[in-house]
Amino acid sequence: MDKNKTEGILYICGTPIGNLEDVTLRALKILKEVKLIAAEDTRHTKKLLIHYQINTKVTSYHEYNKIKKAPYLVEILKNGQDVALVSDAGMPGISDPGYVLINLALNNNIKIIPVPGVSALITALVVSGLPTDKFVFEGFLSRKIKERKRYFKSIENEERTIIFYEAPHRLKRTLKDMLDVWGERKIVIARELTKKYEEIIRGNLSQVITEINTKEIKGEITLVVQGLSLIHI
């Protein structure tokens with residue numbers, strides 16, 4: 001790190017999505033050296049820090065305090081102190097409040113350095129067996145059935161592989177909505193990636209619905225769905 005700089009650097013640090021050994025050596029070095037770590041869930045981040053004996057101060061930065069906390073963090077950066085931004089898991093800024101801080105830092109001419117790490121969406125994509133040359137990430141789906149179905153209808157002609165995040169308690173209903181709107185197409189459920197109970201379920205929508213119908217689904221879930229371009233091949 002540059003000791004002569006007048007402003008701090010915002011590091012966008014990727015962290016493990018499950019297995020703590022997936023953190024990079026560079027990320028560990030940055031987390032040790034920065035003045036402050038801004039974490040989506042401080043309790044979750046502290047497990048990683050304790051595991052690697054890192055004693056850096058941690059502050060919360062999440063969906064519910066991002067508007068108030070981002071200016072505070074930018075002031076710290078403007079005073080010459082380095083800050084590392086981390087999410088619960090994976091890369092900050094992907095379906096989380098990180099983009100608010102990143103944009104505010106850019107608007108204040110703060111230097112931003114990415115420290116790449118694992119990402120659930122890419123991990124699920126490469127293990128899915130579906131085309132990886134072109135894909136689209138659609139984030140979290142609506143909690144409301146009508147809005148979700150309307151959304152599926154709006155993207156029914158998407159030719160690229162489609163990736164979603166979904167909550168376990170909504171999974172069964174979401175798959176039924178997909179089948180109702182799209183009909184049959186291939187899908188992959190990637191559950192608890194890199195963790196002890198990692199599970200990859202592959203098949204057509206109706207097959208996968210039948211397979212999980214009697215199961216209690218838990219954990220972090222990424223869905224990878226076949227695009228329209230393959231259906232008629």
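The structure reproduced in this document is the subject of the present report. (Residues numbered from 1 in each chain as written. Predicted model: local features only at pLDDT ≥ 70, side-chain atom pairs only at ≥ 80, totals over all residues. Heavy atoms only, no water.)

1. A closer look at unusual backbone geometry
Consideration 1: Even without being a glycine, S95 presents a positive backbone phi close to 55 degrees.
Consideration 2: Classification of S95 as partly exposed rests on a relative accessible area of 37%.
Consideration 3: Unusually for a residue other than glycine, E192 sits at a positive phi of about 55 degrees.
Consideration 4: By secondary structure assignment, the location of E192 is in the loop between β8 (186-191) and β9 (199-204). (Buried < 20%, exposed > 50% of the residue type's maximum accessible area, 1.4 Å probe, protein only. Helix = DSSP H or I, 4+ residues; strand = E, 2+ residues; numbered from the N terminus.)

2. Quick look at the packing of helix α6 (residues 145-154) against helix α7 (residues 171-182)
Consideration 1: Closest axis-to-axis distance for the α6/α7 pair is 9 Å, and the angle between their directions is 45 degrees. One element, α6, and the other, α7, form an angle in the oblique class. Here the hand of the crossing between α6 and α7 comes out right-handed. The residues of α7 that touch α6, namely those facing I145, R148, K149, F152 and K153, are R173, T174, D177, M178, D180, V181 and W182. (Axes fitted to C-alpha atoms, helices over the stretch in contact; angles between N-to-C directions. Parallel < 35°, antiparallel > 145°, perpendicular 65-115°, else oblique. Left-handed = near helix turned anticlockwise from the far one by under 90°. Contact = heavy atoms within 4.5 Å.)

3. So, the packing of aromatic side chains
Consideration 1: This structure, assessed with the given rule, holds 5 aromatic pairs.
Consideration 2: The interplanar angle of 75 degrees and the centroid separation of 6.0 Å between the aromatic rings of F152 and F164 together place this pair among those described as edge-to-face. Separated by 12 residues along the polypeptide, F152 in helix α6 and F164 in strand β7 (residues 161-166) bring together distant segments of the chain.
Consideration 3: Relative accessible area serves as the criterion here: at 0%, F164 is assigned to the buried category.
Consideration 4: An aromatic cluster is defined as three or more aromatic residues linked by ring pairs; in this entry it consists of Y151, F152, F164 and W182.
Consideration 5: The side chain of R185 reaches across the aromatic face of W182, ending 4.3 Å from its centre. (Phe/Tyr/Trp six-rings, centres within 6.5 Å; stacked < 30°, edge-to-face > 60°. Lys NZ or Arg CZ within 6 Å of the ring centre and 35° of its normal.)

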